[in-house]
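Chain by chain, the residues run as shown.
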Amino acid sequence: MIIEFFGPPGSGKTTFAHALAKQLRGKGYNAKVALSYRPSTRAGSFDLGILLFVSRIVSAIFSTARILLSSTGRLDEISNSFSMVRLIPPKKRIWRARIWRYILHLSRCWNAAEQSPEIVIFDQGYVQAIGSLAMFNGSTDLGALEKALSLAPPADLTVRLVVPAAVVESRLRQRVEREPPAERIFEADLNVNMRSIRVFESINDLLTTWGREIISVDNVDRKSTFKSICQVEKQIISALLRTDRPTAEKQREFPNLPTGVPASATPPAQNKDMGSRLAWASIFALLIYIGGAGLTSLAQLAIARLIGPRNYGIYSYVLAWTSVLAYLATLGFNVSLLRFVPAYRANGRLDLVRGVIRFALQRSLIAATLFGMIGAASVLLFSDHKQSGLETSIMLGMVAVPLITAYALGATLVRAFGGVVSALLPERIVRDGLLLVLVALLAKSGLRTVDAPSVTLAVVISSAITVGLVFITARKLEPPGLRQAKPTYASREWWFAVPPLMLITGLDVFVSRAGVLVLGWTNHIREAGIFALALNIAMLVGLSRIAVATMFSPTAADLYARGDRKGLQQLFARATLLSAIGAIVVAIPMMVIAEPFLSFFGEGYAAGAPIARVLILGYVFVALCGPQQNLLTMTGNEWAAATTMIAGAVANIVACAAGVAIYGPIGAAVGVALALSIWSVAMAVYIGKRLKIMPGLVFALLSIRPSAFDAHQWNWFLRASK
């Protein structure tokens, strides 16, 4: 698709074109600006721009010679450029040579753009070049203009930038002041440039008479520019839709497609490299998770050795409750923002993007503060005051609840804005790195005993610093124009998503820490510490699934919003393969080194090796199923995910409690592993029925060896499971 701009010099075509391309790329489209040139600025008070002047001439000579010596399309391109210059010859030879050379390059670039699947934006296309010829000629001959325009191939979309003459004049004067003196040789004076306003009005009238659709947009200030970019963007998406299948057909094929969201499929170029983008982003994310896990292990090693099994059990028990409350307090916005923000951006609704961000932050932080206050009050009223270490640790943990909620939402915003790696660095590297440094300083200084309360205090400090870093990163990555957009609220839609997603996020954390919580409830504090260490080892196996999900979630939301079910199936299969491979690669060595690794944490911790091995098997099975929970939440099936999560949480608690009563900590591990497996199978069945999407490994097997598995067998299995 080719888009060209035209308008007088100083109307901001180049800036507008680059901003539009960036906006389109942010939504997954392959867009670029072709043949763009920005005027040079003076490097210093004594800089005359002579070197730049010479380099421009040399570069122009070589690039033009390369086109003239090439054989492909040479005669047509040369003939086209000569014909236009001959019809409307500029008065000065330097202007004539300059525009002839530009049209020659434009012809070559335009021919390539016609064959490209990308969206190619010309900030100065044929219409602009012909307008420049008329401007430099000094008279507007409508007949010559009409003939020249008839020689120019039409763009798919033509955009006219309309700027008041006073603004144009002011910008041109500022440009001249910034330009090096030598560069001004190539430029026309102010009177000639101002003459172009009438020229482009005449061109606009001619094109309108011919029936060509012209989009006229304002480009006076930031607000009007942002509004105009959104307007042009909608026209581009609409034009892409017209070349695709009818929306009604997509709606029939994908009945859960949300209303109000563009149903266009991602352009072919995006689907083509979707797998490689997912793989590379997942690899980078996994490296950061592994780095973070290494820091976490070092921090846990230092903490466990310094405070002993019982104090470590208190710390783990408090951290489990703190995490559960903090993620419940997100109200599910740490998931729903990944769905709402990409969908609203795809529809050009930055006002809704800003509205949902404000809505999420305000409500979640209020909920987190209330949860923390209720938790602290419960400790003061109902706890055993003889256990001062446990009581103090819980009080400090309640202080950390709003901080953990805040950086969870901040990291989600960074991911929604496209910063997959940037979202993980503060949470996975900075937080645990700071915790390690603070614990080491505390132990080195000897100012106070390193126990559960002091370590919990270090968690509060590291979490507060992480919050600041996460929101600084989010501000840097936010889409252009977001701060200027007036927030619009769709409160009913957002509140509707809160209950299921709140259950999902809270129960997800609860399920993973169910063993620690059950052991803590039953007064097995020391065993809770050992179980927590074993769980930390087992959760290393699940890092691959979590890493894949960081890129999978926003991409899946975008594909679902566009109605691309085939692309969604392929994405899920690739994500499952990456998740499974990563889990197996990590699980095999961890099964071997679990016992010697745990023994490094101090006396008594080696007893957690069997627990770790059982939990590792459970997390391997979950990884083999892929990011199923993310698939459900990103496709509007939050209640289904919440229902399966509730069932999984209940099964987990029952199994853990029964296991603890019969076999102790190892029984809790078996209960967790069984609950995770049953939960994963239930989600796979539901996804097959509701979304008609096969399990990722099954689809991958069919893609490699179609004869290895009959698709009818999968349909039979789904019918039999009803």
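Structural data are supplied above this passage.
Here goes a summary of the coordinates provided. Since we're looking at a predicted model, the values are computed, not measured.

**Here's the deal with the overall build of the protein chain**
- If you tally the helices and strands in the protein chain, you get 28 helices and five strands.
- In the protein chain, which comprises 722 residues, the proportion classed as buried is 54%.
- Considering only residue pairs separated by 6 or more positions, the protein chain has 82% of its internal contacts joining residues 24 or more positions apart.
- Accessible surface, the protein chain: about 31400 Å² in total, of which carbon and sulfur atoms supply 63%.

**Brief notes about the sheet that holds strand β3 (residues 119-122)**
- Taken together, five strands build an open sheet; the order of strands is β2-β3-β1-β4-β5 and the sheet is parallel. A single partner strand is all that each edge strand has here, and the edge strands are β2 (31-34) and β5 (214-218). Put simply, the sheet's adjacent strands are angled 25 degrees from each other on average, direction ignored.
- Relative to β3, strand β1 (residues 2-6) is paired through three bridges, and the arrangement is parallel. Residue pairing for β3: Ile-2 is matched across the bridge by Val-120.
- Taken strand by strand, helix α1 (residues 13-26) contacts β1, β2, β3, β4 (157-162) and β5, and its axis lies near 160 degrees from that of β2.

**Here's the deal with the pattern of salt bridges**
- If you walk through the whole model with that rule in mind, you get six salt bridges.
- For Arg-173, the salt bridge identified is with Glu-169, shortest N-O distance 2.8 Å. Separated by four residues within a single helix, Arg-173 and Glu-169 lie in helix α7 (residues 165-178), roughly one turn from each other.
- Taken together, the shared-partner salt bridges connect Arg-475, Glu-478 and Arg-483 into one network.

**A few points about the nonpolar core**
- One finds Tyr-312, Tyr-315, Phe-333 and Phe-531 to be the most contacted residues of the largest nonpolar core, which totals 129 residues.
- For this core, the element with the most residues is helix α12 (residues 274-329), which contributes 14 residues.
- The residues touching Phe-333, leaving out its near neighbours within four places in the chain, are Phe-359, Ala-360, Ser-364, Leu-409, Thr-412, Trp-494 and Val-498.
- In terms of nonpolar packing, the next biggest core, distinct from the first, is built from 38 residues, Ile-99, Tyr-102, Phe-136 and Leu-206 among them.

**Re the environment of Val-460**
- Here Val-460 shows up in helix α17 (residues 452-477).
- Residues Val-460 and Ile-404, spaced 56 residues apart in sequence, show a C-alpha to C-alpha distance of 8.8 Å.
- Ignoring any residue separated from it by four or fewer positions in sequence, one finds Val-460 in contact with Leu-396, Val-399, Ala-400 and Leu-403.

**Concerning the environment of Ala-580**
- Among the secondary structure elements, Ala-580 is positioned in helix α22 (residues 565-599).
- Note on Ala-580: relative accessible area 5%, which makes it buried.
- Separated by 44 residues in the primary sequence, Ala-580 and Leu-624 have C-alpha atoms spaced 4.7 Å apart.

**Structural notes on the packing of helix α5 (residues 126-137) against helix α6 (residues 142-151)**
- For the pair α5 and α6, the least separation of the axes is 10 Å and the interaxial angle reads 155 degrees. Between α5 and α6, the interaxial angle falls into the category roughly antiparallel. In the crossing of α5 with α6, the sense of the turn from one axis to the other is right-handed. Contacts from Val-127, Ile-130 and Ala-134 of α5 reach α6 at Leu-145, Ala-148 and Leu-149.
- Grouping the amino acids of the contact of α5 with α6 by side-chain chemistry returns six nonpolar, no polar and no charged.

**Comments concerning α1**
- Look at α1: 20 Å from first C-alpha to last across 14 residues, which is about the 20 Å you get at 1.5 Å a residue.
- Those residues of α1 not exposed but buried are Lys-13, Thr-14, Phe-16, Ala-17, Leu-20, Ala-21, Gln-23 and Leu-24.
- Backbone geometry just after α1 places Gly-28 at a positive phi near 95 degrees.

**Let's talk about α5**
- The terminal C-alpha atoms of α5 lie 16 Å apart, and with twelve residues this matches the ideal 16 Å at 1.5 Å per residue to within 8%.
- Counting buried residues in α5 gives twelve out of twelve residues, a clear majority hidden from the surface.
- Among the residues of α5, those classed as buried are Tyr-126, Val-127, Gln-128, Ala-129, Ile-130, Gly-131, Ser-132, Leu-133, Ala-134, Met-135, Phe-136 and Asn-137.
- Where α5 ends, the next residue or the one after it, Gly-138, has phi of about 100 degrees, a positive value.

**Quick notes on unusual backbone geometry**
- Despite not being glycine, Leu-331 has its phi angle at roughly 60 degrees, a positive value.
- Residue class for Leu-331 comes out buried when judged on its relative accessible area of 9%.

**Quick notes on the packing of aromatic side chains**
- Tallying each qualifying case throughout the model produces nine aromatic pairs.
- Taken together, a centroid distance of 5.4 Å and an interplanar angle of 75 degrees make the contact between Phe-5 and Phe-16 edge-to-face. Within this pair, whereas Phe-5 is found in strand β1, its partner Phe-16 is found in helix α1, the two being separated by eleven residues in sequence.
- The exposure class of Phe-16 is buried, given its relative accessible area of 1%.
- For the pair Phe-359 and Trp-495, a centre-to-centre distance of 5.2 Å together with 75 degrees between the ring planes defines the contact as edge-to-face. You can see Phe-359 sitting in helix α14 (residues 350-382) and its partner Trp-495 sitting in helix α18 (residues 491-512), a full 136 residues away along the chain.
- By relative accessible area, which is 1% here, Phe-359 ends up buried.
- Given a relative accessible area of 41%, Trp-495 falls into the partly exposed group.
- Three or more aromatic residues joined by ring pairs make a cluster, and in this case those are Phe-333, Phe-359, Tyr-489, Trp-494 and Trp-495.

Procedures and definitions
- Residues numbered from 1 in each chain as written.
- Predicted model: local features only at pLDDT ≥ 70, side-chain atom pairs only at ≥ 80, totals over all residues.
- Heavy atoms only, no water.
- Helix = DSSP H or I, 4+ residues; strand = E, 2+ residues; numbered from the N terminus.
- Buried < 20%, exposed > 50% of the residue type's maximum accessible area, 1.4 Å probe, protein only.
- Contact = heavy atoms within 4.5 Å.
- Areas by Shrake-Rupley, 256 points an atom, 1.4 Å probe, with all protein chains shown as cover.
- Pairing = 2+ DSSP bridges.
- Axes fitted to C-alpha atoms, helices over the stretch in contact; angles between N-to-C directions.
- Salt bridge = Lys/Arg side-chain N within 4 Å of Asp/Glu carboxyl O.
- Core = buried A, V, L, I, M, F, W, Y, C linked by side-chain atoms within 4.5 Å.
- Parallel < 35°, antiparallel > 145°, perpendicular 65-115°, else oblique.
- Left-handed = near helix turned anticlockwise from the far one by under 90°.
- Nonpolar A, V, L, I, M, F, W, Y, C, P; charged D, E, K, R; others polar.
- Expected span 1.5 Å × (residues − 1).
- Phe/Tyr/Trp six-rings, centres within 6.5 Å; stacked < 30°, edge-to-face > 60°.

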